[in-house]
Amino acid sequence: MEIKPLDKDTIIAEACCGSGYRILGRESELTEQERTILRAAKIKAEWLKKMMPKGLSAQIAYEDEGAVGFIEYMPIELSNFYEGKDLYIVNCMVAPHTPPFPDPSQRKRIPGCGSALVQAMIEDVKGKCKGIVTPLGFAYTEDMVAFFARFAFEEFENEGLKMLIRRFGPVQLPSAVCLEEKYKYEPVQGKVVVDVFWSSICPIVGPWTIFNIREVCEEFGDKVIVNDICIDDPEVLLKYGISLWSKAFFNGKPAEFWGPPEKEEIRDKLEEALEVR
Ligand SMILES: CC(C)(COP(=O)(O)OP(=O)(O)OC[C@H]1O[C@@H](n2cnc3c(N)ncnc32)[C@H](O)[C@@H]1OP(=O)(O)O)[C@@H](O)C(=O)NCCC(=O)NCCS
């Protein structure tokens with residue numbers, strides 16, 4: 001296994017979220033789902049290009065067949081959801097893991113891969129900040145406390161925010177940004193209005209969600225209006241006060257999807273909104 005830093009050659013592999021090995025270089029033989037992952041990854045890659053000059057970085061794990069995992073981190077000042085200074089924050093990490101998601105053929109675990117990624121991140125940032133913070137876990141491995149403890153990360157709680165921190169020296173603890181939801185549903189006579197807020201930071205909960213919503217809404221023709229609102233820009237995020245990476249509203253009714261919503265789930269919500277109408 002080799003760990004490579006984020007740069008122009010590794011950016012698309014990073015954006016594929018650990019699936020690069022089964023997508024990149026095989027573009028002519030992809031399944032529909034893999035094509036969607038690649039489309040979503042291209043949107044994430046554009047976001048990465050904008051964030052890299054501001055200090056975002058990542059480490060990517062490669063096996064013979066290609067990229068199999070990554071860890072992504074950035075100065076906490078770049079985060080829309082946390083306040084702090086002299087800290088890096090981990091945005092996400094994936095090493096081949098079980099249970100598999102989103103594809104059942106996901107690669108088998110490579111013992112030591114997760115550790116190598118964390119170690120490479122620490123080496124990269126230790127001279128640049130006073131500490132690193134990370135959530136207690138991520139989507140498919142919610143409890144990573146003992147895993148991160150191997151690298152001297154400790155739990156902390158500050159103003160209700162619970163996270164893990166690896167200190168390199170004395171540092172002020174970060175806090176969560178409290179966003180007041182200002183979104184207001186604007187009805188359109190005779191139509192279902194779908195307002196979708198999404199971020200590029202996670203290709204799965206952001207771009208993939210908007211692709212599925214757009215495609216299903218098209219099936220309903222002019223009965224449905226889709227307002228597609230990207231909240232990468234902090235000013236746009238503050239205007240609406242959305243505290244999640246992605247959130248959709250069907251006629252003003254919130255729907256939180258974790259991972260890309262199934263098209264059937266979206267159809268049901270649209271049918272429901274059409275009936276109420
Ligand atoms: C957590 C994760 C990074 C571990 O990766 P890994 O490659 O298995 O890690 P390592 O092999 O380096 O593990 C080192 C040690 O930590 C242990 N460990 C791994 N995950 C652990 C966990 N969640 N809790 C406690 N210990 C853990 C391993 O068993 C191993 O112990 P050992 O050396 O005694 O065998 C990986 O499972 C993962 O990426 N999970 C998904 C995270 C996720 O949901 N990301 C968001 C996707 S959108």
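On a predicted model such as this, the values are computed, not experimentally measured, just so you know.

### Side note on the overall build of the chain
So, point 1. Secondary structure summary: the chain contains eight helices and 13 strands in total.
So, point 2. Computed over C-alpha atoms, the radius of gyration of the chain comes to 20 Å, within 12% of the 19 Å expected from 2.2 N^0.38 for 277 residues, which places it in the range of a compact globule.
So, point 3. Each principal axis of the C-alpha atoms in the chain carries an extent, and together these give about 60 × 45 × 30 Å.
So, point 4. In the chain, buried positions account for 49% of the 277 residues.
So, point 5. Pairs at least 24 apart in sequence give 67% of the contacts found in the chain among residues at least 6 apart.
So, point 6. Here the chain contributes 34 positive and 45 negative side-chain charges, whose respective centroids are spaced 2 Å apart.

### Some thoughts on unusual backbone geometry
So, point 1. Residues other than glycine seldom take positive phi values, yet Glu159 does so here, at roughly 50 degrees.
So, point 2. Look at Glu159 and you get exposed, because its relative accessible area is 69%.
So, point 3. Its identity as a non-glycine residue notwithstanding, Asn251 has a phi of 50 degrees, on the positive side.

### Points about the environment of Ile210
So, point 1. Residue placement: Ile210 occurs in helix H6 (residues 207-219).
So, point 2. Judged by its relative accessible area of 1%, Ile210 is buried.
So, point 3. Along the chain, Ile210 and Asp228 lie 18 residues apart, while their C-alpha atoms are 7.6 Å from each other.
So, point 4. In this view, Ile210 contacts Val196, Trp198 and Asp228; residues no more than four positions away in its chain are not counted.

### Things to note about helix H3 (residues 32-51)
Owing to its 3.6 residues per turn, the α-helix aligns residues three or four sequence positions apart on the same side.
So, point 1. Under the 1.5 Å per step criterion, the end-to-end length of H3 is 29 Å for 20 residues, consistent within 8% with the ideal 28 Å.
So, point 2. Among the residues of H3, those classed as buried are Glu34, Thr36, Ile37, Leu38, Ala40, Ala41, Lys44, Ala45, Trp47, Leu48 and Met51.

### Remarks on the domain arrangement of the chain
In many reports, interface size means the accessible area that the parts give up when they come together.
So, point 1. Its domain assignment divides the chain into domain 1 (2-176) and domain 2 (192-276).
So, point 2. Computed from C-alpha coordinates alone, the two centres of domain 1 and domain 2 are separated by 25 Å.
So, point 3. Listed as interface residues are 19 residues of domain 1 and, on the opposing side, 19 residues of domain 2.
So, point 4. Carbon and sulfur atoms make up 73% of the area that domain 1 and domain 2 hide from each other, which totals about 1600 Å².
So, point 5. As a salt-bridge pair, Arg39 and Glu215 come within 3.4 Å of each other at their nearest N and O atoms.
So, point 6. At the boundary of domain 1 and domain 2, one finds two residue pairs in polar contact (both at pLDDT 80 or more).
So, point 7. Top element by residues in the side of domain 1 that touches domain 2 is H3. It accounts for ten residues.

About the cut-offs
Residues numbered from 1 in each chain as written. Predicted model: local features only at pLDDT ≥ 70, side-chain atom pairs only at ≥ 80, totals over all residues. Heavy atoms only, no water. Helix = DSSP H or I, 4+ residues; strand = E, 2+ residues; numbered from the N terminus. Rg over C-alpha atoms; globule rule 2.2 N^0.38 Å. Buried < 20%, exposed > 50% of the residue type's maximum accessible area, 1.4 Å probe, protein only. Contact = heavy atoms within 4.5 Å. Lys, Arg positive; Asp, Glu negative; His and termini not counted. Charge placed at Lys NZ, Arg CZ, Asp CG, Glu CD. Expected span 1.5 Å × (residues − 1). Domains from an automatic or database assignment. Buried area = accessible area lost by both parts, 1.4 Å probe. Salt bridge = Lys/Arg side-chain N within 4 Å of Asp/Glu carboxyl O. Polar contact = N/O pair within 3.5 Å; in protein donor to acceptor, adjacent residues only side chain to side chain.

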